[in-house]
Amino acid sequence: MDINLISAQIKEELDKIVSCDQLEALRLKYLGRKGVIAELTGSIPAVNPQERGAFGKAVNALKQQLFVSLEEKQRSLGVSKAPAPESAETDLGMPGIAQELGHKHPITGIIDQVCGIFSQMGFKVLEGPEIETEHNNFTGLNIPLEHPSRDAFDTFYLKDYEKLLLRSHTSPMQVRAMAKSKPPLAIVVPGRVYRPDAVDASHLFMFHQIEGLMVDQGVKFSDLKGVLEVFVKAVFGKDVAMRFRPHFFPFTEPSVEVDISCIICKGKGCSVCGRKGWLEILGAGLVHPNVFQQAGYDAKKFSGFAFGMGVERIAMLKYGINDIRLFFENDLRFLKQF
Ligand code: DAH
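Reading the values: the criteria
- The numbers attached to residues start from 1 for each chain and follow its sequence in the written order.
- A pLDDT threshold of at least 70 governs which residues receive local features in this predicted model, and a stricter bar of 80 or more applies before side-chain atom pairs are shown or counted, although totals over entire chains, interfaces and linings include all residues.
- Excluded from the side-chain calculations are hydrogens and water; all other atoms, namely the structure's heavy atoms, are used.
- Helix and strand definitions here come from DSSP, where helices need a minimum of 4 consecutive H or I residues and strands a minimum of 2 consecutive E residues; each element is numbered from the N-terminal end.
- We take the radius of gyration over the C-alpha atoms and set the globule estimate at 2.2 Å times the residue count to the 0.38 power.
- Throughout, exposure labels follow a simple rule: accessible area from a 1.4 Å probe, protein chains only, divided by the maximum for the residue type, with under 20% read as buried, over 50% as exposed, and the rest as partly exposed.
- Stacked, tilted and edge-to-face are the three classes assigned to paired rings of Phe, Tyr and Trp, where Trp is represented by its six-membered ring and a pair needs centres within 6.5 Å; plane angles under 30 degrees give stacked, over 60 edge-to-face, the rest tilted.
- Only Lys NZ and Arg CZ are tested; either one counts as a charge over a ring when it is within 6 Å of the ring centre and within 35 degrees of the ring normal.
- Pairs of residues are marked as contacts when any of their non-hydrogen atoms sit within 4.5 Å.
- Put simply, a residue is near a molecule or strand once any heavy atom of it comes within 4 Å of that molecule or strand.
- Two N or O atoms count as a polar contact when they lie within 3.5 Å, although within protein this holds only if one can serve as hydrogen donor and the other as acceptor, and sequence-adjacent residues are included solely when both atoms are side-chain atoms.
- Note on areas: these come from Shrake-Rupley sampling with a 1.4 Å probe, and a residue is covered only by the protein chains present in the view.
- Side-chain classes are defined by residue name, with Ala, Val, Leu, Ile, Met, Phe, Trp, Tyr, Cys and Pro counting as nonpolar, Asp, Glu, Lys and Arg as charged, and the others, Gly among them, as polar.

Undergrad: Explain the overall build of the protein residue by residue, including any values.
TA: Helix and strand counts for the protein come out as 11 helices and 9 strands. Its C-alpha radius of gyration of 39 Å places the protein more than 25% over the 20 Å reference for a compact globule of 338 residues. The C-alpha extent of the protein, read off along each of the three principal axes, is 115 × 45 × 40 Å. In the protein, which comprises 338 residues, the proportion classed as buried is 39%.

Undergrad: Go over the packing of aromatic side chains with me, naming the residues and quoting the values.
TA: One pass over the structure, following the stated rule, counts 12 aromatic pairs. Between Phe221 and Phe244, the aromatic rings sit 5.6 Å apart at their centres with planes inclined by 80 degrees, giving edge-to-face as the arrangement. Here the residue Phe221 occupies a position in helix H8 (residues 221–236), and Phe244 occupies one in strand S6 (residues 242–249), the gap between them amounting to 23 residues. Residue classification places Phe221 among the partly exposed residues on the basis of a relative accessible area of 26%. Given a relative accessible area of 17%, Phe244 falls into the buried group. Here the aromatic rings of Phe327 and Phe334 are separated by 5.8 Å at their centres, their planes lie at 75 degrees, and the arrangement is edge-to-face. Comparing Phe327 with Phe334 shows no difference in burial state: the two are buried. Following the ring pairs from residue to residue traces out a cluster consisting of Phe118, Phe123, Phe231, Phe305 and Phe307. Above the face of the Phe244 ring, Lys225 is positioned so that its terminal group lies 5.3 Å from the ring centre.

Undergrad: Pulling in residues and values, what's your account of the environment of Pro254?
TA: With respect to the secondary-structure elements, Pro254 resides in strand S7 (residues 252–261). Note on Pro254: relative accessible area 37%, which makes it partly exposed. For the pair formed by Pro254 and Phe221, sequence separation is 33 residues and the distance between their alpha carbons is 9.0 Å. Those residues in contact with Pro254 that lie beyond four places of it in its chain are Phe221, Ala284, Gly285 and Leu286.

Undergrad: I'd like to hear about the site of the ligand, residue by residue, with values.
TA: Near the ligand there are 15 residues, and of these His169, Ser171, Arg195, Gln209 and Glu211 occur at the shortest range. In this structure, a nitrogen atom belonging to the ligand sits 2.9 Å away from a side-chain N or O atom of His169. Gln209 has a polar side-chain atom sitting 3.0 Å from an oxygen atom of the ligand. Computed on the free molecule, the ligand has an accessible area of 350 Å², of which 89% lies beneath the protein chains in the complex. Those elements that place two or more of their residues in the shell around the ligand are strand S5 (206–216), strand S8 (278–287) and strand S9 (303–310). Of the residues belonging to the shell around the ligand, the class tally is 5 nonpolar, 8 polar and 2 charged.

This is the structure in structure tokens:
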């Protein structure tokens, strides 16, 4: 085989190439495993000893020349290979781009903290649906038909489905939990709730609550107080005082609102607590016998307590936030502070 001839032929073929596919075909033809160069290399031992050295060198030179030509052609076709690591374009000393690590949303953080505290006391964490029946949201909780919260303006009713609504509190999970299991029962339920409120610094049409329910034989008001005291001290600190104020809820009797001493002025009275020295944090009480009756529990045998708190309110008090809308604007300048 005449190497000069092959070399000339390669040049001729290269000149005709206009695409990468053609170039690849040429590369395979000459440099492939069964290509022309491999054939030439394989024929070296058969060449007579005087010419063998020169022939071998010529094959090698042809091969090197072919590499160079292929690369040149490739470049002229507009496909350059990646710059070699040591080339001037790649600065290996340049620092990398740091990945920013996210963290929990402050509302998720409070939910996890509060549920964690109650889990440690033996409460089970449950979640329930945001679309509820009128029965679970109202009737099963002893909320009478004439109660203002049943008004269409105070609850989001689902138009096409009779008696379905967006739950206005997490209390319907009391009804669901009692329908599903017999006492003893101790649950906390975090989740979203909805109310058609006009949006301002302290109202949103959607917010989060955590419901609590404990039912057993002999559950007393003092049990409620003890459990809530543990919760309050764990979230707001050991020096915070707690008080129960008489209140009314249809699903508890007696009912209370629970206050903590103002964490800003320590009870002296300031603008945050409206000069009262106390901040309301949740509603609670002993489960009303009518609620037990609806659930098919024996109200003479069992007693229990329930409570419900607004998560945004807890977060606002704990972190000193004065506008509820900040939680849902997704402004990283706000969120990064937690
Ligand atoms: N469901 C009440 C609300 O949304 C909060 C509440 C009060 C829940 C007292 C309770 C409770 O379980 O005992 O305003």
